[in-house]
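Observations on chain architecture
What follows is each chain in one-letter form.
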Amino acid sequence: MATTDLSAIRALDQAHHLHPFTDHSQMHSTGSHVLVEGDGSHLIDANGERLLDGLAGLWCVNVGYN
């Protein structure tokens, strides 16, 4: 993902989305995670960092992945 696209996405996110359980002052200074891919129970962000989707069961994954 191009840096300009990532900056634009983060700006839109900051302007229009409320993130529950988030320290907004920190998020607005560093930018939010922009997810670009899913792989089973893991998510990959725009920087290529692989994250475990540990909170999915709380809101949406009640029957498992795949």
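Our focus in this paragraph is the confidence of the model for the chain. Of all residues in the chain, 79% have pLDDT values of 70 or greater, and the mean over the chain is 81. Of all the helices and strands in the chain, helix 3 (residues 56–59) carries the lowest mean pLDDT, 67, while strand 3 (residues 50–52) carries the highest, 92.

Okay, the pairing of strand 2 (residues 42–45) next. In the case of a regular strand, side chains alternate between the two sheet surfaces. Relative to strand 2, strand 1 (residues 35–39) runs antiparallel, the two being bridged by 4 bridges. Residue E37 lies in a different strand from strand 2, and its bridge partner there is I44. Remark: 2 residues form the turn of the hairpin made by strand 1 and strand 2, two consecutive strands paired antiparallel; G40 in that turn has positive phi of roughly 65°. In this structure, strand 2 lies alongside strand 3, joined through 3 bridges in antiparallel fashion. Each bridged residue has a counterpart across the sheet, and for H42 the counterpart in strand 3 is L52. Linking strand 2 back to strand 3 in an antiparallel pair, the connection comprises 4 residues, with G48 at a positive phi of about 85°.

Basis of the calculations
- Residues numbered from 1 in each chain as written.
- Predicted model: local features only at pLDDT ≥ 70, side-chain atom pairs only at ≥ 80, totals over all residues.
- Heavy atoms only, no water.
- pLDDT = per-residue confidence, 0-100.
- Helix = DSSP H or I, 4+ residues; strand = E, 2+ residues; numbered from the N terminus.
- Pairing = 2+ DSSP bridges.

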